[in-house]
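Breakdown of the fold
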Number of protein chains: 2
Amino acid sequence: MEKAQSGAEALVRSLISGGVTTCFANPGTSEMHFVAALDRIPGIRCIPGLQENTVTGMADGYFRVLGRPAATLLHCGPGLANGIANLHNARRAESGVVNITGDHALAHVKYDSPLTSDIAALAGASSDWLRISSSADEIGADAAHAISQAGAGVGHGRVATLVLPADVSWGEGGREAPAGAAAPQPLNPPDAGRIDSAVTALRSGEPCVIVLGTAALTVASQPLAAAISDATGAPLKASGMVAVQPRGRGRLDIAPVPYPVDLALAALEPFTRVITIGCPMPTAFFLYPGKPSLVTRPDASHIALAGRDEDCQAGLEALAAARDAEPAPLPVPPVTPFAQPEGAITAEGFAETVCGLIPENAIVVNEALTLGTGFPARAGRTAPCDWLHITGGAIGGGIPVATGAAVAARGCRVITLQADGSAAYTMQALWTQAREGLDCLTLILNNRSYAILVGEYAKVGAEPGPTAMNMLSLDRPGIDWVGLAASLGVAGEAVMTLGTLRGAMQGALGRKGPYLIDVRFA
Amino acid sequence: MEKAQSGAEALVRSLISGGVTTCFANPGTSEMHFVAALDRIPGIRCIPGLQENTVTGMADGYFRVLGRPAATLLHCGPGLANGIANLHNARRAESGVVNITGDHALAHVKYDSPLTSDIAALAGASSDWLRISSSADEIGADAAHAISQAGAGVGHGRVATLVLPADVSWGEGGREAPAGAAAPQPLNPPDAGRIDSAVTALRSGEPCVIVLGTAALTVASQPLAAAISDATGAPLKASGMVAVQPRGRGRLDIAPVPYPVDLALAALEPFTRVITIGCPMPTAFFLYPGKPSLVTRPDASHIALAGRDEDCQAGLEALAAARDAEPAPLPVPPVTPFAQPEGAITAEGFAETVCGLIPENAIVVNEALTLGTGFPARAGRTAPCDWLHITGGAIGGGIPVATGAAVAARGCRVITLQADGSAAYTMQALWTQAREGLDCLTLILNNRSYAILVGEYAKVGAEPGPTAMNMLSLDRPGIDWVGLAASLGVAGEAVMTLGTLRGAMQGALGRKGPYLIDVRFA
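Residues numbered from 1 in each chain as written. Chains lettered and ligands numbered in written order. Predicted model: local features only at pLDDT ≥ 70, side-chain atom pairs only at ≥ 80, totals over all residues.

1. Structural notes on the interface of chain A and chain B
Taken together, the contact pairs 83 residues of chain A with 83 residues of chain B. Here the element with the most residues in the side of chain A that touches chain B is helix α2 (residues 32-40) of chain A; it accounts for six residues. When its residues are assigned to classes, the side of chain A that touches chain B shows 48 nonpolar, 26 polar and nine charged. (Contact = placed C-beta atoms within 7 Å. Helix = DSSP H or I, 4+ residues; strand = E, 2+ residues; numbered from the N terminus. Nonpolar A, V, L, I, M, F, W, Y, C, P; charged D, E, K, R; others polar.)

Take a look at the structure:
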């Protein structure tokens, strides 16, 4: 005999029994019964964010580290909208999120009160799965369904949005989800025909390339991918949308398909067969006049070996078996110390300095953009670590993703390579780092401009004039990142040289809690 | 014979010829041809924002002051999404915005590159009018259509979203809009039958109330409304969604329908006839268990005299004529000085202090929320000024709306009554205030909590426990608002007493440029 409970209580209990034990939250009035239930029923750690795009970005970072979803708590359509940009990145990362959005009581919607919005359209456009719960009786099962849809395992997640009307929350007759209802769907085996096509392509004598997504780049997958490449001669590339990339000594040292379209075209020009595993076909990020949308050759054939719902590891195993490729532990190169450069801060000197100091098992969140060009040549020689890339192109992911990653990975150091213009979108996440005492080191890559857009402007065929530069520069006033961090509870310092950067990083990595270094590029 | 031009050039020229001379901007790669055209063709003042919700809020504030639309410039679906919350408020304010969102080239969308999103759904859910432009040939006419739809006059605007695909922007064959195509649609006269109904209601002997929206509360409308009220005995109330409310000596001193549902029910309980002019029927902001959605009596009849597309002034004139009510200039009460209270900062003392210092013709942006309760009793005695309220309940409107209002109202002082929790959503707008040197005084009403939610929690029937308070408090760490403002280029100071508040305000009002006072409530 079940105890009578509200919808909100059934929801909390169903989340807990489904394994969702963290909730990143920015609640409002319509969520108060749910907040009260979280208060009464222990088992979920609630972590507030000052703005919703920090909340959704945190949930993305959390999944990338643990491979299981956190919940969010957002308030009505406008609150959801504030979090859509980082939900977009989470979807591109194939991160699982149980995205709970409170809304008006169902009976109230038709009165179009001020905060009423087209939440079905907003949630539909930003989610892989959506349910607007209709009764306290069903909310438990709805939550289990959402958890199941959000999925498990990096590269296998979805954004599952559960809209929680206030009257469903306060309604009596709440029922918990039945045991097991929240289990993620098992992965499908990769399609046998596509495995055959890939094996045929690798045997064809035609030049082949293998592009790997998140689920094909795990520590467990990398030896298989390396063995296949060794056995077939087909080089490996990382997708441009990898959510988590294990790198450093003893991991695959492979470059992503480049972001600049001309470099991407050049990188893929040799190949008439393209096998993708756990990622989409490489495309140009943007289309440019006179350039193609696909960065593979027009005559290249494409074999999608395994997608999000399929077992990439099994796909790699099948390929390896077909080619008698024996996976072996990846060789661990000897430690070759990084230099200790001095002088003005350049992209090369910055990367050399940072790579020399990345601790073992660190998480590196990469929103470096234009100032990150020194890393690809060096990332293979660092201590073993995980790189979390911004996958969907919605800038402002870095600090929130780092915050959520640090919540999930207690004890691991998180280092964020954070372009300054992008940092300005979600600076509020620093406050959550301070509140939770997270070991996050944020390096602001500060060039006081939207440098990536200055470069894009140049492709239009002219130098930016005063009107354009007014929209592309971040001086007048320059943001005082150390002061800003301090105002949100995060200590920090500014550095103007590589030597002081090294000292500041060493100091920061030796202390607990968040820290920010404003790295002033030359 | 027209000179050959790109779509972007035709768009810029069509905006200028349509009277759109300000563009609040946060551009990205797909907008670079448009940015280049803005560079080449003088006539549009471009004002950058660090995050899109500041951009859309600025456009809302601009329209509320000038009664004509500015353009925005946003980047793809995620950039649009970041600005939706303040577009929501703008729609509830019936503010006109020409919301230009760049997107991928039309030919590129099908490749689903990383930044591709369901922009039609996102824009459709956040706009009154939407067009995804399809060719350089048509973009000029599309822009004129958008300007026409955005409308003119406070209370008569719309959010008109024009999606600008990159290839439409760079495409040749751009044509400017024909002259006059951007003119707003003329307002319709109010429906004669509804005027008759209103006249009948006012003559019925039944207790009537008249609820006024933005377009019925202008300086020109207020004497008419007062005359009708005097002639009929029907009291006046302001809608809870008024975008601009002229207040102070010589203006109507009327209260809005209260936000708390019990107070709203009590305020409207006497009336069996409700006439709305330029606003919707009053509703409860949220539904609560056991309470109604409408805050008027269940047996009240409703007459909607004039809506957004109708001439509210003509409606008032018709009502006045039918009742032989002669509008006269509103009486200007003698100046009664405000007290100069000392001691700890309370809601009453704060309002007394601020009201005594509001300069003539100031713009007061009101996102005071729980700490603003001292103003209704005093706002009738201040110098004449305009109050801009947050209309749609999406918090975080205050600082951006103030910024846009200051851009539009050069020379007028803008004072923002800004709750601290709400300020945290769009703190980035302070940077634009610094960059543009705007005369904005931001008063942070600092109680270090989401106090409105603590109150809402209490309605659930319990005191918040530790888990709830962790989501509702803003201490640990408290935000250092003075440091935060300084980091974004805005000077300021913190005050702990009413006396120092008064001195700080006097100092701030005597200097040019933005300033922030962190008002620490007791």
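2. A word on unusual backbone geometry
Residues and elements named next belong to chain A. Here the residue pair Arg476 and Pro477 is connected by a cis peptide bond, since its omega of -15° sits within 30 degrees of zero. With respect to the helices and strands, Pro477 occurs in the loop between α18 (466-472) and α19 (481-487). Phi angles above zero are rare outside glycine, and Cys76 is one such case at about 60°. Locating Cys76 in the fold gives a position in helix α4 (residues 76-82).

3. A short note on the relation of the copies chain A and chain B
Placing chain A over chain B gives an RMSD of 0.0 Å and needs a rotation angle of 180°, together with 0.0 Å of translation along the axis. A rotation of that kind, with that shift, is consistent with a two-fold axis. The fraction of interface residues of chain A whose copies in chain B are also interface residues reaches 100%, indicating that both copies meet through the same surface. (Least-squares fit on C-alpha atoms with pLDDT ≥ 70 in both.)

4. With respect to the environment of Thr497 of chain A
All names here are of chain A. Counting through the fold element by element, Thr497 comes out in the loop between β16 (491-495) and α20 (498-509). Put simply, Thr497 and Ala344 are 153 residues apart on the chain and 4.8 Å apart in space, counted from C-alpha to C-alpha. Residues contacting Thr497, with those up to four places away along its chain left out, are Glu342, Gly343, Ala344 and Ile345.

5. Some points on helix α5 (residues 84-92) of chain A
Counting buried positions over the nine residues of α5 of chain A gives nine, a clear majority of the element. Within two residues after α5 of chain A, Glu94 of chain A carries a phi angle of roughly 55°, on the positive side. (Buried ≥ 20, exposed ≤ 12 C-beta atoms within 10 Å, placed from the backbone.)

6. Thoughts on the environment of Gly151 of chain B
All names here are of chain B. Among the secondary structure elements, Gly151 is positioned in the loop between α7 (136-150) and β6 (159-165). Placed 57 residues apart in sequence, Gly151 and Glu94 show a C-alpha to C-alpha distance of 9.5 Å. Residues in contact with Gly151, not counting those within four places in the same chain, are Gly96, His156, Gly157, Arg158 and Pro184.

7. Some remarks on the environment of Ser126 of chain A
All names here are of chain A. Along the chain, the position of Ser126 falls in helix α6 (residues 119-126). Classification of Ser126 as buried rests on a count of 30 C-beta atoms within 10 Å. If we ignore the near neighbours within four places in the chain, the residues touching Ser126 are Ile84, Leu87, His88 and Val159.

8. Focus on the sheet that holds strand β9 (residues 245-247) of chain A
Residues and elements named next belong to chain A. The strand order across the open sheet built from seven strands is β9-β13-β12-β14-β15-β17-β16, with neighbouring strands paired in mixed fashion. Of all the strands in the sheet, the pair left with one neighbour each is β9 and β16. Averaged over all pairs of adjacent strands, the angle between their axes in this sheet comes to 20°, without regard to strand direction. Judged from the five bridges that link them, strand β12 (residues 362-367) and strand β14 (residues 414-419) form a sheet pairing that is parallel. When the bridges of β14 are listed, Val364 appears paired with Ile415. Sitting on the sheet, helix α14 (residues 398-408) is in contact with β12, β13 (385-389), β14 and β15 (440-446), with an inclination near 175° to β14. (Pairing = 2+ DSSP bridges. Axes fitted to C-alpha atoms, helices over the stretch in contact; angles between N-to-C directions.)

9. Points about helix α20 (residues 498-509) of chain B
All names here are of chain B. Between its first and last C-alpha, α20 extends 16 Å over 12 residues, near the 16 Å set by a 1.5 Å rise per residue. Of the residues making up α20, those classed as buried are Leu498, Leu501, Arg502, Ala504, Met505 and Ala508. Each buried residue of α20 lies within a common arc of 170° when the element is viewed along its axis, so the set occupies one face. Exposed positions of α20 whose direction lies more than 90 degrees from the buried face are Gln506 and Gly507. Buried residues in α20 make contact with α13 (347-355), β15 (440-446), β16 (491-495) and β17 (515-520). (Expected span 1.5 Å × (residues − 1). Arc of directions from axis to C-beta.)

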